[in-house]
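The primary structure of each chain is shown beneath.
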Amino acid sequence: MIKWFKNIFKKSPDWISEEDRLAVITKSSKQVSRGVFFATVIIITSFLPVFMLTGQEGKLFHPLAYTKTFIMIVDALLVITLAPVLISFFMKGKFKPDNANPVNRILEKVYEPIIRTVLKWRKTTIAVNIIALLITIPLLKNLGTEFIPPLDEQSILFMPITLPDVSNAEAKRILQVQDKIIKSVPEVDKVLGKAGRANTATDNSPISMIETIITLKPKSEWRKGITKKDIVTELDAKLQIPGVVNGWTQPIINRINMLATGIRTDVGIKVFGQNLDTIAAVSEKVKAALEGTPGVSDLFVEPITGGKYMAINIKREELARYGLNVDDVNQVVESALGGATIGNTIEGRQRFSISVRLAQEYRNSVERIQRIPIQSATFGEIPLSAVADVKFEDGPPMINSDNAILRGAVMFNVRDRDLGSTVKDAMEKLNKEKGVLPEGYFLEWSGQYENLIRGKQTLMWIAPIVLVIIFFSLYFAFHSVREAFLSLITVPFALIGGAYMIYFWDVNLSVGVAVGFIALFGIAVETGIVMVIYLNDAMQQLIKLKGNSSETITKEDLREFVIHGAAKRLRPKLMTVCVSLFGLVPVLWATGVGVDVMQPIVLPMIGGVLTSSTHILLVTPLIFLMSKEYELRKYGKLEVHDVQH
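The rules behind these values
Residues numbered from 1 in each chain as written. Predicted model: local features only at pLDDT ≥ 70, side-chain atom pairs only at ≥ 80, totals over all residues. Heavy atoms only, no water. Helix = DSSP H or I, 4+ residues; strand = E, 2+ residues; numbered from the N terminus. Rg over C-alpha atoms; globule rule 2.2 N^0.38 Å. Buried < 20%, exposed > 50% of the residue type's maximum accessible area, 1.4 Å probe, protein only. Contact = heavy atoms within 4.5 Å. Areas by Shrake-Rupley, 256 points an atom, 1.4 Å probe, with all protein chains shown as cover. Lys, Arg positive; Asp, Glu negative; His and termini not counted. Charge placed at Lys NZ, Arg CZ, Asp CG, Glu CD. pLDDT = per-residue confidence, 0-100. Pairing = 2+ DSSP bridges. Axes fitted to C-alpha atoms, helices over the stretch in contact; angles between N-to-C directions. Parallel < 35°, antiparallel > 145°, perpendicular 65-115°, else oblique. Left-handed = near helix turned anticlockwise from the far one by under 90°. Nonpolar A, V, L, I, M, F, W, Y, C, P; charged D, E, K, R; others polar. Expected span 1.5 Å × (residues − 1). Salt bridge = Lys/Arg side-chain N within 4 Å of Asp/Glu carboxyl O.

What follows is about the overall build of the chain. Helix and strand counts for the chain come out as 21 helices and 15 strands. For 645 residues, the compact-globule estimate of 2.2 N^0.38 gives 26 Å, and the C-alpha radius of gyration of the chain, at 37 Å, exceeds that figure by more than 25%. Seen through its C-alpha atoms, the chain measures out along the principal axes to roughly 135 × 70 × 45 Å. Residues classed as buried in the chain amount to 43% of the 645 residues present. Counting only contacts in the chain whose residues sit at least 6 apart along the sequence, the fraction spanning at least 24 positions is 77%. When the accessible surface of the chain is totalled, it reaches about 34,800 Å², and 60% of it is carbon and sulfur. Side chains of the chain give 72 positive and 63 negative charges; the mean places of these two sets differ by 10 Å.

Locating threonine 422 in the fold gives a position in helix H14 (residues 419-432). Under the relative-accessibility criterion, threonine 422 is labelled buried at 0%. The residues touching threonine 422, leaving out its near neighbours within four places in the chain, are Thr293, Pro294, Gly295, Val296, Phe412, Val414 and Arg417.

A word on the confidence of the model for the chain. Counting all residues, the mean pLDDT for the chain is 81, and 93% of those residues have values of 70 or more. The low-confidence segment residues 2-6 (pLDDT under 50) makes zero contacts with residues lying over four places distant or belonging to another chain. Scored below 50 in pLDDT, residues 8-13 makes zero contacts in the model with residues more than four places away or belonging to other chains.

To continue, consider the sheet that holds strand E1 (residues 155-158). Taken in spatial order, the four strands line up as E2-E3-E1-E4 in an open sheet, and their pairing is antiparallel. A strand with exactly one partner marks an edge of an open sheet, and here the two such strands are strand E2 (188-195) and strand E4 (248-249). Here E1 pairs with E4 via two bridges, running antiparallel. Within the sheet, the bridge partner assigned to leucine 157 lies in E4 and is threonine 249. Against the sheet, helix H7 (residues 168-183) contacts E1, E2 and strand E3 (210-216), and its axis sits at roughly 170° relative to E2. Here helix H8 (residues 228-238) sits on the sheet in contact with E1, E3 and E4, set at roughly 30° to E1.

Turning to the packing of helix H15 (residues 448-478) against helix H16 (residues 481-488), a few remarks are in order. Packing of H15 against H16 brings their axes to within 8 Å, and their N-to-C directions diverge by 130°. One element, H15, and the other, H16, form an angle in the oblique class. Crossing of H15 against H16: the hand is right-handed. When H15 is examined against H16, the residues Leu467, Ile470, Phe471, Leu474, Tyr475 and Phe478 are found in contact with a partner set consisting of Val481, Glu483, Ala484, Phe485, Ser487 and Leu488. Considered class by class, the residues forming the contact of H15 with H16 number ten nonpolar, one polar and one charged.

Further remarks concern the packing of helix H4 (residues 55-90) against H15. In the contact formed by H4 and H15, the axes pass within 8 Å of each other and the chain directions differ by 65°. Taken together, the axis directions place H4 and H15 in an arrangement best described as roughly perpendicular. Taken together, the residues of H15 that come into contact with H4 (itself represented by Gly55, Gln56 and Glu57) are Gln448, Asn451, Arg454 and Gly455. Classifying every residue of the contact of H4 with H15 by side-chain character gives no nonpolar, five polar and two charged.

It is worth spelling out the pairing of strand E14 (residues 405-414) at this point. With respect to burial, E14 is a largely interior element, eight of its ten residues being buried. Here seven bridges tie strand E5 (residues 267-273) to E14, and the two strands are oriented antiparallel to one another. Residue pairing for E14: glycine 268 is matched across the bridge by methionine 411. Two elements, strand E6 (residues 296-301) and E14, share four bridges in a ladder whose sense is antiparallel. Its bridge partner lying in E14, serine 297 is registered against asparagine 413. Between strand E13 (residues 401-402) and E14, which pair antiparallel and follow one another directly, the connecting turn spans two residues, one of which, asparagine 403, has a positive phi of 55°.

Helix length check: helix H18 (residues 511-546), at 36 residues, gives a terminal C-alpha distance of 53 Å against a target of 52 Å (1.5 Å per residue), a fit within 8%. Count one or two residues on from H18 and you reach glycine 547, which has phi positive near 85°.

What follows covers unusual backbone geometry. Phi at asparagine 403 takes a positive value of approximately 55°, unusual for a residue other than glycine. One can find asparagine 403 in the loop between E13 and E14. The class for asparagine 403 is exposed, based on a relative accessible area of 76%. A positive phi angle, close to 65°, is found at aspartate 416, a residue other than glycine. Secondary-structure assignment places aspartate 416 in the loop between E14 and H14.

For side chains bearing opposite charge, pairing can occur when the charged atoms are close. Tallied over the full model, the rule gives 22 salt bridges. The partner of lysine 315 in a salt bridge is aspartate 389, and the shortest N-O contact between them spans 3.8 Å. Here lysine 315 is found in the loop between strand E7 (307-314) and helix H11 (316-322), whereas its partner aspartate 389 is found in strand E12 (residues 388-395), with 74 residues between them in sequence. Since its relative accessible area comes to 39%, aspartate 389 is described here as partly exposed. One continuous salt-bridge network, built from bridges that share partners, spans Glu112, Arg116, Glu556, Arg559 and Glu560.

The following block contains the structure:
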């Protein structure tokens, strides 16, 4: 009995000595260093286009790029320094091989027959992949384009424009009527309208421009099946008031647009010239040409003429008759209409001027203003009409200029269609019109479209440079052009899943989608490196077993060892893929503010990881096998590169 207890608690001898265990950990850590370094370089390099973005898109995505870059740098340092120490502490005892894990055993049983079939049907496998890649070309061409996925701000900004000569009383009446109609919609929580400029020097809005912020109730209180788009459509139909052009946007993006481009809608066509009347005429022609274009909504011309000015033209010949001068008349007009300061009032540390002018009922019409009395030294009291003509004249309600050139603008929002194709159709319609622009006048497309073109141009010229840098990084990792190309070829096949995903999710191409593809390419190349490293390791085992000669190595040997390199180290490859997927997939079911911006970034990554991993697991071993058969046939031996992960 005592002997039985001794056997239970007897410590079994270590299967490997402590010195050997630490030596294996040290050797493995050294092997990891090169793979980690070049994987970090590749992923950081893939984010270079994001760092090159400027303007609004740069401010939005730079934090993402910086965070990813710093994480990768610290990750590389920790893998080289901290990870070996932690491994030496916790990885003790006797470890089981990979195939002892039931999950890994099941995956190998499923994967091995598939990879054998792929290596048998080579041409079919390659043809299927190429066809799938070619299908993505028309898919991507048919996708719409936009600058940045629109963020749902959970509120609406209603910005109607009315006639430039509208009175304060009429603007107030319109505002009250609109607010009452808006509040009648069940989903609306609060309404706050403002006409004219705010109490700040930065707001140059005329009295004819109304801004109404509409906050909505929580979505749980909305009518069943209704969306924010439906609410805007319903409000637009109810707010059709004669003389008022409706405009719908959101508070934050509206301020960004106005500060960045001076255009308060999605798209604006700036009309430049030397004469305001001609600019107004050209703007009306542009508006007429764009009417009826699919996707164009809230189309209006920024008021350039139509403002009303009260002109008091002094009759100098009459002044001499009454013994008056121009200053006498100007002083009376200024005091009666504008107000004259007669003193100050002091309230604590504050001082206020006291101004006096005629009451509202004595200056609310031309006839009453004409009867304003002026004191003459020779004739006594005479009316203003005796020495001046009082009348209303037309003039510009506001004068805008860009780069010291007068400009007008034709503005519109894009609804029920993507921004890129809408502007493209609008350009084509405008180009077909003849006689729109007189000599010396020109147009400029602005608004969100201006940002779209800038972001697109930046990505177009930096993307090829990034691919070249990634290729050279792979070359320095493998010391082989062929091996580098084998890892880089996963990039276009990662594009397949990303393209299919955004197409079937009905997402437009945007800077956000481009950032998603950029992040995807780094992941795809990293997974490809893992596969190529293990395939090279299998080739080293083959050479150690049979030597490096075409006389000792057969095609069957090559095939079996490629299958061994692909299937027996399946777990680390699947872990690389699953970590990415498990972190990204929850975004598809997320709700709340910001999801509509995050999903276009995540969708290409999810789809791309799936197709790139399938390509790496099936096609990369096939291409590797074909390249090794070519080396064996041409050189009589295998070129094996000592690359470790």
